[in-house]
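Observations on the model geometry
Okay, here's what each chain looks like letter by letter:
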Amino acid sequence: MAFLPKSTAWDALQEIANAGLCKVYVDREDKIYVRSERDAKTKSAIQIDKSNMFAYSSSVSLTEFANRISVEYCDVTLSDDTVDAVSVELNIEPNASLELTLDYNTEVAFPAIESDNLNVLLTDFQGGVNACSVVAKNATTEKQKAVLTITGKAIEITTKTLTVQDDESVRNNGITEYSHPSSDLVQSHEQAQYIANFLLEKMHAGEGVVTTTWRGNPELNLGDRYVSKDRFDDGQELVCEYNKFTFDGGLKQETRGRTT
């Protein structure tokens, strides 16, 4: 019974990613990727170190720390009551047809459509939870007037919040809370628990990002694992989450990597 509110395609993808604990991004070839945080990351042979690096900035242990995670989820149920989603009045010329897209006043499941005028034929009905499309045709030689009504089972949504925390960290450091972006697609206590536990594990002290400016290599793709070393040759493995290329007679690349 999952459904998405009206939104742009990109916002809809982000909603799906939030519910599934995924990253969504577009690569240099304009391909859209939706990848789980738990997917295995491709290991790159590329290494960033003092031999090819211009600048190094580490925020490991300083950002993204949280010891209490809150996740909203929805209980979605269908009412036994049938409600009117929308009603619209039409005037159709003789032997004419209208292609209609109708927005509902409320979300419904199992939508159905009816007309109060049998001379107005309804075809190609495609109903969703918050909108529908239909073709209304007047097959007579006289102008026809009709009222179209879409009905369906009422959808009832109750929003709840689940919270998990690292008790030891809370005792030692106080509460630092992170709220996961809410999503109508998270519809069970179990899914909310999975998201909260995963984020609590990932956002403990020691997590963070390293940003470097270096000579660059287009073969380092988003999502790849690579090694980054500081000027003291202390290295760590990171997952590439941002690349920016500049060229002013020479190639430079800004790369941001998150600790694995």
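What this report covers is the structure whose coordinates are included nearby.

How each quantity is defined
- Residues numbered from 1 in each chain as written.
- Predicted model: local features only at pLDDT ≥ 70, side-chain atom pairs only at ≥ 80, totals over all residues.
- Heavy atoms only, no water.
- Helix = DSSP H or I, 4+ residues; strand = E, 2+ residues; numbered from the N terminus.
- Expected span 1.5 Å × (residues − 1).
- Buried < 20%, exposed > 50% of the residue type's maximum accessible area, 1.4 Å probe, protein only.
- Contact = heavy atoms within 4.5 Å.
- Phe/Tyr/Trp six-rings, centres within 6.5 Å; stacked < 30°, edge-to-face > 60°.
- Lys NZ or Arg CZ within 6 Å of the ring centre and 35° of its normal.
- Salt bridge = Lys/Arg side-chain N within 4 Å of Asp/Glu carboxyl O.

Re helix H1 (residues 9-20)
Between the first and last C-alpha of H1 there are 17 Å, a value that for 12 residues agrees with the 16 Å anticipated at 1.5 Å per step. Residues of H1 that are buried include every one of Ala12, Glu15, Ala17, Asn18 and Ala19, and no others. Buried residues along H1 sit against strand E1 (22-26) and helix H3 (189-202).

Comments concerning the packing of aromatic side chains
Each aromatic ring pair is described using two quantities: the centre-to-centre distance and the angle formed by the ring planes. Taken as a whole and assessed by the stated rule, the structure comprises 1 aromatic pair. An angle of 15° between the planes, with centres 5.5 Å apart, marks the rings of Tyr25 and Tyr33 as stacked. The class of Tyr25 is buried, set by a relative accessible area of 14%. On the basis of relative accessibility, which here comes to 24%, the residue Tyr33 falls in the partly exposed class. Positioned above the aromatic ring of Phe54 is the side chain of Lys252, whose terminal nitrogen or guanidinium carbon lies 5.2 Å from the ring centre.

Some words on the pattern of salt bridges
Enumeration over the complete set of coordinates arrives at 10 salt bridges. Across the pair Lys43 and Glu237 runs a salt bridge, and its minimum N-O distance is 3.5 Å. Here Lys43 is found in strand E3 (residues 43-48), whereas its partner Glu237 is found in strand E14 (residues 235-247), with 194 residues between them in sequence. Put simply, Asp75 and Lys160 hold a salt bridge, and the shortest N to O gap is 2.8 Å. Placement of Asp75 in strand E5 (residues 68-92) and of Lys160 in strand E10 (residues 144-165) is noted, with a sequence separation of 85 residues between them. Several salt bridges share partner residues, and in doing so they unite Lys43, Arg225 and Glu237 into one network.

These figures come from the coordinates and say nothing about function on their own.
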